[in-house]
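Take a look at the letters that make up each chain.
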Amino acid sequence: MQAISEAQLHALADDVLPEEQRAAIDAYLRAHPQDAARVAAWREQNRQLRALFDPLQQEAVPPALLQAAAPPAANHGWYRPAMQAAAAVVLVFAGGMGGWLLRGSVTTGANPISLARSAAIAHAVYTPEVRHPVEVGVEREAHLVQWLSKRLGSTLQPPALSPLGYHLIGGRLLPGDGDGPVAQFMYEEGTGKRLTLYVAKERAGRQETAFRYTQEKDLGVFYWIDGQMGYALSAKLPKAELGKIADAVYAQLEQPR
């Protein structure tokens with residue numbers, strides 16, 4: 001049987017697989033139930049994402065974004081409607097998930113905001129899970145770290161957050177935005193609150209960024225790029241509390257290994 005790639009399985013889950021490949025992949029999945037279960041899980045994830053974010057595409061363009069798109073010169077009044085229309089097109093093209101994290105603040109540089117957006121989506125999808133919040137549990141932490149480090153091509157080490165009341169419960173591998181796979185570590189505290197650390201290996205040449213913060217309703221995200229790695233810490237916590245945890249995460253990640 002012809003080898004089936006990971007990209008083909010994702011294409012099937014996303015309903016973009018060419019029709020001429022479908023019969024071969026359907027036969028492959030019948031013979032490989034574990035991969036069939038993975039495709040089913042990806043389809044369910046897509047369904048949950050659409051349920052979460054599709055309504056946002058119907059929202060009006062944020063006034064702050066329209067204000068930012070307008071030039072300051074008063075005698076260029078003809079230019080304002082054109083820029084407002086362009087901003088609207090950008091939001092429609094970006095879709096609900098892009099607009100979700102752009103609301104409330106206009107951030108330059110698509111790479112960091114894409115990191116935050118992806119981290120927030122992954123947090124929203126997996127933290128509500130009761131039986132399967134992580135792919136590999138903390139009881140196999142050494143294997144988890146070794147596996148994710150190998151897949152990302154960089155040595156990873158989940159920060160120890162027990163002094164702040166959170167303990168690691170495990171992690172998982174996730175598809176990235178074209179730069180390869182990403183890792184998600186999940187933490188929990190005594191009352192059941194969860195936070196996630198999303199780790200992605202960035203393209204060479206991307207500039208480092210200081211801490212940035214975005215929020216939608218009660219979900220906040222601190223995110224930054226440090227060298228070749230991008231990080232995003234997400235939780236339903238007040239900004240000051242999440243910022244304190246982000247500082248602790250950053251300090252541990254900066255320690256020499």
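(A) Layout of the pattern of salt bridges. Going through the model one piece at a time under the given rule, you end up with 3 salt bridges. Note that glutamate 19 and arginine 22 form a salt bridge whose closest N and O atoms lie 3.6 Å from each other. One end of the pair, glutamate 19, and the other, arginine 22, are both in helix α2 (residues 19–31), 3 residues apart, so they sit about a helical turn from each other. Note that aspartate 35 is salt-bridged to arginine 38, the shortest N-O span being 2.8 Å. Linking aspartate 35 with arginine 38, this pair stays in helix α3 (residues 33–53), spanning 3 residues, or about one helical turn. Residue classification places aspartate 35 among the buried positions, given a relative accessible area of 14%.

(B) Structural view of helix α7 (residues 141–152). A rise of 1.5 Å per residue sets the reference length of α7, with its 12 residues, at 16 Å; its end C-alpha atoms lie 16 Å apart and thus fit the reference within 8%. Of the residues making up α7, those classed as buried are Leu144, Val145, Leu148, Ser149 and Leu152. Buried residues in α7, looked at end-on, bunch into an arc of 120°, giving them a common side. Within α7, the exposed residues directed more than 90 degrees away from the buried face are Ala142, Gln146 and Lys150. Looking at the buried positions of α7, the neighbouring elements they touch are β1 (136–137), β2 (167–174), β3 (182–188), β4 (194–201) and β7 (229–235). One or two residues past the end of α7 sits glycine 153, with phi positive at roughly 70°.

(C) Expanded view of the nonpolar core. Membership of the largest hydrophobic core comes to 28 residues, with the highest contact counts inside it found for Leu156, Phe185, Leu195, Val199, Leu233, Ile245 and Val249. Secondary structure elements with two or more residues in this core: α7, β2, β3, β4, β6 (219–226), β7 and α8 (239–254). By residue number, the principal contributor to this core is α8, which donates 5 residues. Discounting residues that sit within four places of it in the chain, valine 199 has contacts with Leu152, Leu156, Val182, Ala183, Phe185, Met229, Gly230 and Tyr231.

(D) Molecular detail of the confidence of the model for the protein chain. Of all residues in the protein chain, 70% have pLDDT values of 70 or greater, and the mean over the chain is 76. In the model of the protein chain, helix α5 (residues 79–102) stands out as the element of lowest mean pLDDT, 40, in contrast to β3, which has the highest, 95. Confidence over residues 71–110 falls short of pLDDT 50; this stretch has 45 contacts with residues more than four positions distant or in other chains.

(E) Quick peek at the packing of aromatic side chains. Under the definition given, this model contains 6 aromatic pairs. For the ring pair phenylalanine 211 and tryptophan 224, a centre distance of 4.7 Å and an interplane angle of 65° mean the geometry is edge-to-face. On the criterion of sequence distance, the pair formed by phenylalanine 211 in the loop between β4 and β5 (212–216) and tryptophan 224 in strand β6 is long-range, its members being 13 residues apart. Judged by its relative accessible area of 33%, phenylalanine 211 falls in the partly exposed class. When its relative accessible area of 2% is taken as the criterion, tryptophan 224 is described as buried. Consider the rings of tryptophan 224 and tyrosine 250, whose centres lie 6.2 Å apart with planes at 75°: the pair is edge-to-face. Of this pair, tryptophan 224 sits in strand β6 while tyrosine 250 sits in helix α8; the two residues are 26 residues apart in sequence, bridging distant segments of the chain. By relative accessible area, which is 33% here, tyrosine 250 ends up partly exposed.

(F) Region of the structure containing the environment of alanine 232. Tracing the chain through its elements places alanine 232 in strand β7. The sequence separation of alanine 232 and phenylalanine 211 amounts to 21 residues, and the corresponding C-alpha distance is 9.5 Å. Leaving out residues up to four positions away in the same chain, alanine 232 has contacts with Leu115, Ala119, Thr196, Leu197, Tyr198, Val221, Phe222 and Tyr223.

(G) Fine view of the pairing of β7. Burial of β7 is extensive: 7 of the 7 residues sit out of reach of the surface. Bridge count for β4 against β7 is 7 bridges, and the pairing is antiparallel. Considered in β7, the bridge of tyrosine 198 is made with alanine 232. The sheet contact formed by β6 and β7 spans 7 bridges and is antiparallel. What sits directly across from tyrosine 223, in β7, is alanine 232.

Quick notes on the rules
Each chain has its residues counted from 1, running along the sequence as written. Two thresholds apply to this predicted model, a pLDDT of at least 70 for residue-level local features and 80 or more for giving and counting side-chain atom pairs, whereas whole-chain, interface and lining totals are computed over all residues. To obtain the side-chain values, all non-hydrogen atoms of the structure were used and water was disregarded. The term salt bridge refers to a pairing of a side-chain nitrogen on Lys or Arg with a carboxyl oxygen on Asp or Glu at a separation within 4 Å. Strands here mean DSSP runs of E at least two residues long; helices mean DSSP runs of H or I at least four residues long; both are numbered from the N terminus. Here's how the labels work: a residue is buried when its accessible area is under 20% of the maximum for its type, exposed when over 50%, partly exposed in between, all with a 1.4 Å probe on protein chains only. The span one expects for a helix is its residue count, reduced by one, times 1.5 Å. Our arc is simply the arc of the directions from the helix axis toward the C-beta atoms. Contact between two residues is taken to exist if any of their heavy atoms lie within 4.5 Å; hydrogens are not considered. In these notes, a set of buried Ala, Val, Leu, Ile, Met, Phe, Trp, Tyr and Cys residues joined through side-chain atoms within 4.5 Å is what counts as a nonpolar core. Residue-level confidence of the predictor is what pLDDT reports, using numbers from 0 through 100. Classification of ring pairs uses Phe, Tyr and Trp, with its six-membered ring standing for Trp, and accepts pairs whose centres are within 6.5 Å; under 30 degrees between planes counts as stacked, over 60 as edge-to-face, and the remaining range as tilted. In this scheme, strands are said to pair when DSSP sees at least two bridges between them.

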